[in-house]
Amino acid sequence: MIEINNLVKRYGDIKAVNGISFTVNDGEVLGFLGPNGAGKSTTMNIITGYLSSTSGTVKVNGHDILEEPEEAKKCIGYLPEMPPLYFDMTVLEYLNFICDLKKVPKKERKEQLASILSMVKIVDMADRLIGNLSKGYKQRVGIAQALVGNPDILILDEPTVGLDPNQILEIRKLIRKLADKHTVILSSHILSEIQAVCDRVVIINQGKVAAIDTITDLSSKLSGSTKLSLSFKGPVKEVTNKLRSIPGVNNVTSIVSNDDTSIHQVEITADSSAKNDVRTGVFYAMSKGGWPMLEFRSMDPSLEEIFLSITSV
């Protein structure tokens with residue numbers, strides 16, 4: 001879908017982007033992370049054709065963004081951190097203006113805009129001036145303009161910045177819904193948001209790709225193993241021996257034991273390179289033994305811990 005190869009952007013002697021390469025797969029939700037000044041916005045502006053690169057290539061659906069800019073840009077819907085809104089227009093006037101810019105055929109506009117307004121839940125705001133809308137609704141209008149023309153790819157830069165917790169949850173649900181029909185690149189400083197919706201993450205630091213993988217695999221690589229916490233009712237010795245026999249499990253350590261209620265907690269350390277997810281083996285072992293699981297959770301590093309570990313180097 002998007003191929004970025006050895007991308008470089010210079011400003012005088014400074015390399016804002018220094019040899020970045022990665023691929024965004026069709027139908028994927030990719031998290032794009034990095035500290036301030038790492039080159040995220042510059043990279044996204046190059047992908048969208050807003051900036052030209054010093055060297056390297058960006059191909060969108062096979063179209064080079066510099067050699068075939070019109071064809072490449074047709075495939076992209078972009079929401080910058082500051083949505084490009086005109087406050088003296090109504091929502092519908094503004095979206096019709098975007099249709100003009102994107103050359104959407106007039107016979108298709110009414111149906112397309114009705115679908116977009118419904119999807120982002122701003123039907124009731126269609127005739128309101130954008131300047132009178134709340135921050136959350138302005139963000140929705142920004143997402144709506146990115147959807148005009150039905151692009152294959154959506155690039156969303158900080159789509160929830162400045163929103164309250166309820167608005168953040170609403171936008172997150174919307175992004176999940178959009179991911180059903182679009183490839184999405186999502187940049188955000190809210191790491192829990194990235195962890196909740198993204199299939200993979202690219203972390204850049206000082207203009208270079210520092211890491212690229214699924215969050216689960218990055219976590220395993222950072223810790224070197226997978227750790228799980230299990231609380232259960234049952235005979236602790238028998239359970240721990242059974243858990244140790246599961247392929248991929250390296251160690252089982254008893255953490256908490258309450259003899260009065262027969263509630264126990266153990267920590268399971270598993271080989272992160274194991275082909276089979278040990279959680280499946282744990283579930284079947286506990287089910288077969290008739291031992292109720294009261295809590296079963298991962299203790300692997302969070303995305304925040306991964307991000308700090310990688311970018312602080």
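Before reading further, recall that the structure is shown in the block above.
Parameters at a glance
- Residues numbered from 1 in each chain as written.
- Predicted model: local features only at pLDDT ≥ 70, side-chain atom pairs only at ≥ 80, totals over all residues.
- Heavy atoms only, no water.
- Helix = DSSP H or I, 4+ residues; strand = E, 2+ residues; numbered from the N terminus.
- Buried < 20%, exposed > 50% of the residue type's maximum accessible area, 1.4 Å probe, protein only.
- Contact = heavy atoms within 4.5 Å.
- Areas by Shrake-Rupley, 256 points an atom, 1.4 Å probe, with all protein chains shown as cover.
- Pairing = 2+ DSSP bridges.
- Salt bridge = Lys/Arg side-chain N within 4 Å of Asp/Glu carboxyl O.
- Axes fitted to C-alpha atoms, helices over the stretch in contact; angles between N-to-C directions.
- Polar contact = N/O pair within 3.5 Å; in protein donor to acceptor, adjacent residues only side chain to side chain.

A. Representation of the overall build of the chain within the structure. Regarding its fold elements, the chain presents eleven helices and 14 strands. Principal-axis analysis of the C-alpha atoms gives the chain an extent of 70 × 50 × 30 Å. Of all 313 residues assigned to the chain, the portion counted as buried reaches 46%. Residue pairs in contact within the chain that sit at least 24 positions apart in sequence constitute 68% of those at least 6 positions apart. When the accessible area of the chain is evaluated, it comes to approximately 16000 Å², of which 49% is carbon and sulfur surface.

B. A look at the sheet that holds strand E5 (residues 63–64). Pairing in this open sheet of four strands is antiparallel, and the strands run E2-E1-E4-E5 from one edge to the other. In this open sheet, the two edge strands, each paired with only one partner strand, are strand E2 (14–24) and E5. Note that strand E4 (residues 55–60) and E5 share two bridges and pair antiparallel. Considered in E5, the bridge of Lys 59 is made with Asp 64.

C. Examining the pattern of salt bridges more closely. Applying the stated criterion to the full structure yields six salt bridges. Glu 170 is the salt-bridge partner of Arg 140, the closest N and O atoms lying 2.8 Å from each other. Here Arg 140 is found in helix H5 (residues 135–147), whereas its partner Glu 170 is found in helix H6 (residues 165–178), with 30 residues between them in sequence. Arg 140 gets classed as buried once you look at its relative accessible area, which sits at 8%.

D. Local environment of the sheet that holds strand E3 (residues 29–33). The strand order across the open sheet built from six strands is E6-E7-E8-E3-E9-E10, with neighbouring strands paired in mixed fashion. Each end of this open sheet is capped by a strand with a single partner; those strands are strand E6 (76–79) and strand E10 (208–213). In this sheet, adjacent strand axes meet at a mean angle of 15 degrees when their direction is disregarded. Of the strand pairs in this sheet, E3 and strand E8 (residues 183–187) are connected by four bridges, and their pairing is parallel. Following the sheet pairing, Val 29 is matched in E8 by Val 184. This element, H5, spans E6 and strand E7 (153–157) of the sheet and lies at about 165 degrees to E6.

E. Molecular detail of unusual backbone geometry. Of note in this structure, Lys 103 is not a glycine but carries a positive phi near 60 degrees. Summarising the element assignment, Lys 103 is placed in the loop between helix H3 (91–101) and helix H4 (106–119).

F. How the structure looks around the pairing of E4. Note that strand E1 (residues 2–11) and E4 share five bridges and pair antiparallel. Its bridge partner lying in E4, Ile 2 is registered against Val 60. Between E4 and E5, which pair antiparallel one after the other, the connecting turn spans two residues, and Asn 61 there sits at a positive phi close to 55 degrees.

G. Summary view of the environment of Trp 291. Of note, Trp 291 is situated in the loop between helix H10 (278–289) and strand E14 (293–298). Judged by its relative accessible area of 12%, Trp 291 falls in the buried class. For the pair Trp 291 and Lys 233, spaced 58 residues apart in sequence, the C-alpha separation works out to 5.8 Å. Not counting residues within four places of it along the chain, the set of residues in contact with Trp 291 comprises Lys 233, Gly 234, Pro 235, Glu 238, Val 239, Lys 242, Ala 285 and Met 286. Here Gly 289 takes part through its backbone oxygen, which lies 3.3 Å from a polar atom of the side chain of Trp 291.

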